Protein chains: 2
Amino acid sequence: MEKKTVVVALGGNAILRRGQKGTFEEQLENVYHTAEQLAEMVLSGEWRIVITHGNGPQVGNILLQQDAAKHVVPPMPMDVCGAESQGLIGYMIQQSLHNILDRRGRGDIPIATVVTQVLVDKDDPAFQNPTKPVGPFYSEEEAKRLQEEKGWHVVEDAGRGWRRVVPSPDPKAIVEREVIRILVENRAIVIASGGGGIPVIKENGELKGVEAVIDKDLAGERLAEDVNADVFLILTDVDRVRLNYGKPDERPIDRMTVEEAKKYLAEGHFAKGSMEPKVKAAIRFVEAGGERAVIASLDQAEAALAGKAGTQVVRG
Amino acid sequence: MEKKTVVVALGGNAILRRGQKGTFEEQLENVYHTAEQLAEMVLSGEWRIVITHGNGPQVGNILLQQDAAKHVVPPMPMDVCGAESQGLIGYMIQQSLHNILDRRGRGDIPIATVVTQVLVDKDDPAFQNPTKPVGPFYSEEEAKRLQEEKGWHVVEDAGRGWRRVVPSPDPKAIVEREVIRILVENRAIVIASGGGGIPVIKENGELKGVEAVIDKDLAGERLAEDVNADVFLILTDVDRVRLNYGKPDERPIDRMTVEEAKKYLAEGHFAKGSMEPKVKAAIRFVEAGGERAVIASLDQAEAALAGKAGTQVVRG
């Protein structure tokens, strides 16, 4: 039987749970638990898998570390911090997954973390309107100084202090798509486009990193197109997409067509920066020819992949 | 014509020069200059190239950053810092190399940074005798406290303060060798085993990161064996290996056989932790069946690869 390909987008909770401090032990334990579910998909013999993941808390910590040491070590720009976080998280995933597969007699399956750049348009309107808060909190005074000194955009964040905000441009292409394709075609498990990828623009004919954050589900969707995935599986901390979220008539959705999803999106059912980009990514994937996209909770990954849990988004 | 394969091991000076502060701009400029030479090898049409590199200053900076933020962000163990540095440096190399090749009409060549674990023996005697200084300097008092608290080994470092020392075990195998092989066979340029790789041991049947530093040239040699390289090219900041270094009868070597190299090694001509592991790695590579190993300066990379510069180490 020809295997199908699934791109699995892991949410932040796959690596760090709410309330945890972010020690290595906590993160590795969570990743190990996640990898157990990914291993089941691999061991079923039915799926080739490609993994992508968020990096919010990890890149946030790297920014805090850079800030604390800024008088001793020159801080790196955000694109470089993103690259660091891909190494950090990819390493944990590849090691855990290898250990689990090896114990089940399949240590021979190659696993690769590919450091991934994602091309964005330098004229993307997001660059005029930075919205994504990153890094440490500052006093108003320091925030305004940084704004002047470094040209940062800063905003007051819900009474907790001032923070830098960066653009969240739309991903256009995975720069390393050919590398990823070669590996997938040669039966490797690939971890790629971590944290939405390292955002790069093309300027004067050259790729150049930019200080921005790409939504990891939208970048994962590009990845899914590039590897010709059959299914795009977005794992998060809720079991299904919901209409009228938080209202008395709240209703979970088991299955929706692209047309229904677009209608719900237009009606404003989905939270910006949270469920909205997931639904957008699901729509894009199916419209680009994918069989189905699924939005489900991490703990129901296998059932969701089998079509028995989560919200299935289909052509109609 | 069938292409030959070269593994190029870049020394620290390929990324950061002595006296530089380590800003991103400095590092990217150095990497770009290095990548220009690597690009020439690729564009000659004669070579498939695999790149490995050091990470001393970068992982040192990550350790300093972690230390400065330790009251806010839980520090990661050294293996994780190594993974971060592979992302950081790999990103700079892959982007620079792509930009240069693209300008020369070969932007189609896939380039991949592979996050790489390197297996070491948990019974390696190095674990009983840590020698490699890493991270920040401490006062004697703090150093002794860390020794007690975390089980670190600390030493007084040439009057500059106290530092942690970690083991430098011998690399046994590249865990991601199959991934790297697949990519090389499919005409990709691969960046792997950065900083000597992320050191892992096998314990209770599982891979597990350890706090250690593997010599990047010795790890590069394993990589060179794994990809069946014809040439192993070690680039550093001296033009050739020298006998009686620093003495009146100092003599550079253009060519030596493995037997000669072993004799010189036994006579103590080469500095530990510096030229010694390079010569050891060169010997191993040729003894394992490689055509030749070359130790040369970064600025003479092409001539060295052509056999016209550096110290050529051959079978005899």
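Everything in this summary refers to the structure shown in the same document. Counting restarts for each chain, with residues numbered from 1 along the sequence as it is written. Here every chain gets a letter starting at A, and every ligand a number starting at 1, in the order they are written. For this predicted model, a pLDDT threshold of at least 70 governs which residues receive local features, and a threshold of 80 or more governs which side-chain atom pairs are given and counted, while totals over whole chains, interfaces and linings are taken from all residues. Values shown for side chains rest on all heavy atoms present in the structure; no hydrogens or waters enter the calculation.

### As for the packing of helix α1 (residues 24–43) of chain B against helix α3 (residues 78–103) of chain B
Residues and elements named next belong to chain B.
And step 1. Between α1 and α3, whose axes approach to 8 Å, the crossing angle comes to 50°. In terms of axis orientation, α1 runs oblique to α3. Crossing handedness for the pair α1 and α3: right-handed. Contact residues: Phe-24, Gln-27, Leu-28, Val-31, Tyr-32, Ala-35, Glu-36, Leu-38, Ala-39, Val-42 and Leu-43 in α1; Met-92, Ile-93, Ser-96, Leu-97, Ile-100, Leu-101 and Arg-103 in α3.
And step 2. Under the grouping applied here, Gly and all other residues not named as nonpolar or charged are polar, the nonpolar ones being Ala, Val, Leu, Ile, Met, Phe, Trp, Tyr, Cys and Pro and the charged ones Asp, Glu, Lys and Arg. Grouping the constituent residues of the contact of α1 with α3 by class yields 14 nonpolar, two polar and two charged. Lines are fitted to the C-alpha atoms to define the axes, a helix being fitted only along its stretch in contact, and any angle between axes, read from their N-to-C directions, falls within 0 to 180 degrees. The numbering of helices and of strands both runs from the N terminus, where a helix is a DSSP run of H or I of at least 4 residues and a strand a run of E of at least 2. Between 65 and 115 degrees an angle is taken as roughly perpendicular, under 35 as roughly parallel, over 145 as roughly antiparallel, and anywhere else as oblique. Note on convention: the crossing is left-handed when the near helix lies turned anticlockwise from the far helix by less than a right angle, right-handed when the turn is clockwise. Should any heavy atoms of two residues lie within 4.5 Å, those residues are counted as being in contact.

### A short note on the interface of chain B and chain A
And step 1. Tallying the contact residues gives 53 residues for chain B and 53 residues for chain A.
And step 2. Joining two parts hides part of their accessible area as seen by a 1.4 Å probe, and the buried area is that hidden amount summed over both. Carbon and sulfur atoms make up 62% of the surface buried where chain B meets chain A, a total of about 4500 Å² over both sides.
And step 3. A carboxyl oxygen of Asp or Glu within 4 Å of a side-chain nitrogen of Lys or Arg is what we treat as a salt bridge. Between the two partners, chain B and chain A, sit four salt bridges.
And step 4. One salt bridge in this structure joins Lys202(B) and Asp102(A), with 3.2 Å as the shortest N-O distance.
And step 5. Contributions of two or more residues to the side of chain B that touches chain A are made by α1, α2 (56–68), α3, β3 (111–114), α5 (177–185), β10 (198–203) and β11 (206–209) of chain B.
And step 6. It is α3(B) that contributes the most residues to the side of chain B that touches chain A, 13 residues altogether.
And step 7. Class assignment of the residues belonging to the side of chain B that touches chain A gives a composition of 26 nonpolar, 17 polar and 10 charged.

### Section: the sheet that holds strand β5 (residues 132–138) of chain B
Residue and element names in this part refer to chain B.
And step 1. Ordered in space as β5-β7-β6, the three strands form an open sheet in which the pairing is antiparallel. In this open sheet, the two strands that pair with only one neighbour each are β5 and β6 (153–156). Here the average twist between neighbouring strands, direction ignored, is 35°.
And step 2. Relative to strand β7 (residues 162–166), β5 is paired through five bridges, and the arrangement is antiparallel. Opposite Val-134, over in β7, you have Arg-164 as the bridge partner. Here, a strand pair is defined by DSSP locating no fewer than two bridges between the strands.

### Observations concerning the relation of the copies chain B and chain A
And step 1. The copies are overlaid by a least-squares fit using only the C-alpha atoms of residues whose pLDDT is at least 70 in both copies. With an RMSD of 0.0 Å, the operation that places chain B on chain A is a rotation of 180° combined with a shift of 0.0 Å along the axis. Taken together, the rotation and translation relating the two chain copies correspond to the operation of a two-fold axis.
And step 2. In this assembly, 100% of the residues forming the interface of chain B have copies in chain A that are likewise at the interface, indicating an isologous arrangement.

### Points about the packing of helix α6 (residues 216–226) of chain B against helix α8 (residues 275–287) of chain B
All names here are of chain B.
And step 1. Orientation of α6 relative to α8, taken along the N-to-C sense of each, is 15°, at an axis distance of 8 Å. Overall, the two elements α6 and α8 adopt an arrangement that is roughly parallel. Two packed elements cross with a definite hand, and for α6 against α8 that hand is right-handed. Mapping the contact onto sequence places Lys-216, Asp-217, Leu-218, Glu-221, Arg-222, Ala-224 and Glu-225 in α6 and Pro-277, Lys-278, Lys-280, Ala-281, Arg-284 and Phe-285 in α8.
And step 2. Class assignment for the residues of the contact of α6 with α8 results in five nonpolar, no polar and eight charged.

### Observations regarding the packing of aromatic side chains
And step 1. Stacked, tilted and edge-to-face are the three classes applied to pairs of Phe, Tyr and Trp rings, where Trp contributes its six-membered ring and a pair requires centres within 6.5 Å; stacked means planes under 30 degrees apart, edge-to-face means over 60, and tilted covers the rest. Tallying each qualifying case throughout the model produces four aromatic pairs over all chains.
And step 2. Judged by centre distance (5.8 Å) and plane angle (55°), the rings of Phe232(A) and Phe285(A) are tilted. Here Phe232(A), found in strand β12 (residues 231–236), pairs with Phe285(A), found in helix α8 (residues 275–287); they are 53 residues apart in sequence, far enough to count as distant. Across the pair, Phe285(A) and Phe232(A) agree in class, each one buried.
And step 3. With a centroid separation of 6.2 Å and 50° between ring planes, the pair formed by Tyr138(B) and Trp152(B) is classed as tilted. Between buried and exposed lies partly exposed: a residue is buried under 20% and exposed over 50% of the maximum accessible area for its type, with that area taken using a 1.4 Å probe on protein chains only.

### Focus on the side chain of Asp217(B)
Residues and elements named next belong to chain B.
And step 1. If you trace the backbone, Asp-217 turns up in helix α6.
And step 2. Any pair of N or O atoms that falls within 3.5 Å is considered a polar contact. Within protein, one atom must be able to donate a hydrogen and the other to accept it, and sequence-neighbouring residues count only if both atoms are side-chain atoms. Looking at Asp-217, its side chain comes within polar contact range of the side chain of Lys-278, at 2.9 Å.
And step 3. Apart from residues lying up to four places away in sequence, Asp-217 is in contact with Ala-9, Phe-232, Ile-234, Pro-277, Lys-278 and Ala-281.

### Observations regarding unusual backbone geometry
Residues and elements named next belong to chain B.
And step 1. You will see that Arg-187, though not glycine, has its phi angle at about 60°, which is positive.
And step 2. Here Arg-187 shows up in the loop between α5 and β9 (189–192).
And step 3. We note that Asn-204 has phi near 50°; this positive angle belongs to a residue other than glycine.
And step 4. Judged by its relative accessible area of 69%, Asn-204 is exposed.

### Structural notes on the sheet that holds strand β8 (residues 171–174) of chain B
And step 1. Here four strands make up an open sheet; going across it, the order is β8-β4-β10-β11 (chain B) and the pairing mixed. The outermost strands of the open sheet, each flanked by one partner alone, are β8 and β11 of chain B. Averaged over neighbouring strand pairs, the angle between their axes works out to 45° when direction is ignored.
And step 2. In this sheet, β11(B) lies alongside β10(B) in antiparallel orientation, the contact comprising four bridges. Directly across from Val200(B), in β11(B), lies its bridge partner Gly209(B).
And step 3. Seen against the sheet, helix α3 (residues 78–103) of chain A touches β4 (117–120), β10 and β11 of chain B and runs at an angle of roughly 160° to β11(B).

### Brief notes about the environment of Met92(B)
And step 1. Summarising the element assignment, Met92(B) is placed in helix α3.
And step 2. As for Met92(B) and Val50(B), which are separated by 42 residues in sequence, their C-alpha atoms are 15 Å apart.

### Re the nonpolar core
And step 1. Only buried residues count toward a nonpolar core, which is a set of Ala, Val, Leu, Ile, Met, Phe, Trp, Tyr and Cys residues joined through side-chain atoms within 4.5 Å. Ranked by internal contacts, the top residues of the largest apolar core, which has 92 residues, are Leu183(A) and Leu183(B).
And step 2. Beyond its immediate stretch of four places on either side in the chain, Leu183(B) contacts Val179(A), Ile182(A), Leu183(A), Ala112(B), Val114(B), Ala188(B) and Val190(B).
And step 3. One finds Leu38(A), Leu235(A), Ala35(B) and Leu38(B) within the second-largest nonpolar core, a separate group that totals 88 residues.

### Some points on the pattern of salt bridges
And step 1. Per the counting criterion, the structure on display carries 66 salt bridges over all chains.
And step 2. Here Asp217(A) ties to Lys216(A) by a salt bridge, and the two come within 2.9 Å at their closest N and O atoms.
And step 3. For Lys216(A), a relative accessible area of 10% translates into the label buried.
And step 4. As a salt-bridge pair, Glu276(B) and Lys272(B) come within 3.3 Å of each other at their nearest N and O atoms.
And step 5. Judged by relative accessible area, Glu276(B) falls into the buried class, the value being 15%.

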